[in-house]
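Overview (structure and organization)
Each chain, written out:
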Amino acid sequence: MHAETPVCYNCDELSRTQQGNNNAYCQDNEISWLNWDNCDQQLLAFTQKLIELRRRHPVFRRRRWFRGQPVKDGEIEDIAWFKFDGKHMQEEDWQHDYAKSFGVFINGRGMRSRTSLGVRVVDDSFYIIFNAYHGCIDYKLPSKEYAEDWTKVLDTSKGYVVTDGDEGEKFKADGTITVHDNSILLLHHAILKHENLP
């Protein structure tokens, strides 16, 4: 199984809307033409940074799907889902209205892949918070068993992306972070710099 590749239509990164027409192949007019002079430079720069972030981190290009199980006995799982209070989501939680907003921990040690030379693929860990709710939510971050500290590297409410995790705002385990309405936050924990790996 190969990693899923994000799909952008031609010029999505330039804020080209085609005025809502998703079938404009036969429109030889302003609906389908590319207006390079009016492209959204801010959105283009944001998209370029997202591509760079994905390129740097194999955890976003994994070759095998998650199992939701510990990587090794006594270790944390390869993926974990959290509610805004910092507690694990249970099966019944997905049926509640607060499921419009949730956090996802992605373990950089949990890819179970090797390079063509047989070297284990390991990356940093990330915590993604999705908020599809119409208001801001204060999120409690997971306990330090998942990470001692986090650095904010993406905030879609501000068009904010940093490709070097050391540059972003810092947060501690069990701390609180505000997530704006209809936005996504991405937090980074650099295990490759701070921890000894097998």
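Rules used throughout
Residues numbered from 1 in each chain as written. Predicted model: local features only at pLDDT ≥ 70, side-chain atom pairs only at ≥ 80, totals over all residues. Heavy atoms only, no water. Core = buried A, V, L, I, M, F, W, Y, C linked by side-chain atoms within 4.5 Å. Buried < 20%, exposed > 50% of the residue type's maximum accessible area, 1.4 Å probe, protein only. Helix = DSSP H or I, 4+ residues; strand = E, 2+ residues; numbered from the N terminus. Contact = heavy atoms within 4.5 Å. Pairing = 2+ DSSP bridges. Phe/Tyr/Trp six-rings, centres within 6.5 Å; stacked < 30°, edge-to-face > 60°.

Let's shift gears to the nonpolar core. In this structure, F105, Y127, I129, Y139, L141, W150 and I177 are the most contacted members of the largest nonpolar core, which totals 35 residues. Contributing elements (two or more residues each) for this core: helix 1 (41-56), strand 1 (79-82), strand 2 (101-106), strand 3 (125-131), strand 4 (137-140), strand 5 (149-155), strand 8 (176-179) and strand 9 (183-189). In this structure F105 touches I76, E77, D78, I79, A80, F82, S125, F126, Y127, Y146 and W150, once residues within four positions along its chain are discounted.

Within strand 3, 6 of the 7 residues are buried, which leaves it mostly tucked inside the rest of the structure. With 6 bridges joining them, strand 2 and strand 3 adopt antiparallel strand pairing. Residue pairing for strand 3: F105 is matched across the bridge by Y127. Alignment of strand 3 against strand 9, held across 7 bridges, turns out to be antiparallel. Bridge pairing in strand 9 links S125 to H189.

Take the environment of G110 next. As for its placement among the helices and strands, G110 is situated in the loop between strand 2 and strand 3. What makes G110 buried here is its relative accessible area of 0%. Along the sequence, G110 and R64 sit 46 residues apart, while their C-alpha atoms lie 9.8 Å from each other.

Glancing now at the packing of aromatic side chains. Per the stated rule, a full pass over the model turns up 10 aromatic pairs. Relative to F126, the ring of F60 lies with its centre 4.7 Å away and its plane at 50 degrees, an arrangement referred to as tilted. With F60 in the loop between helix 1 and strand 1 and F126 in strand 3, the pair connects residues that are 66 residues apart, well separated along the chain. Given a relative accessible area of 0%, F126 falls into the buried group.

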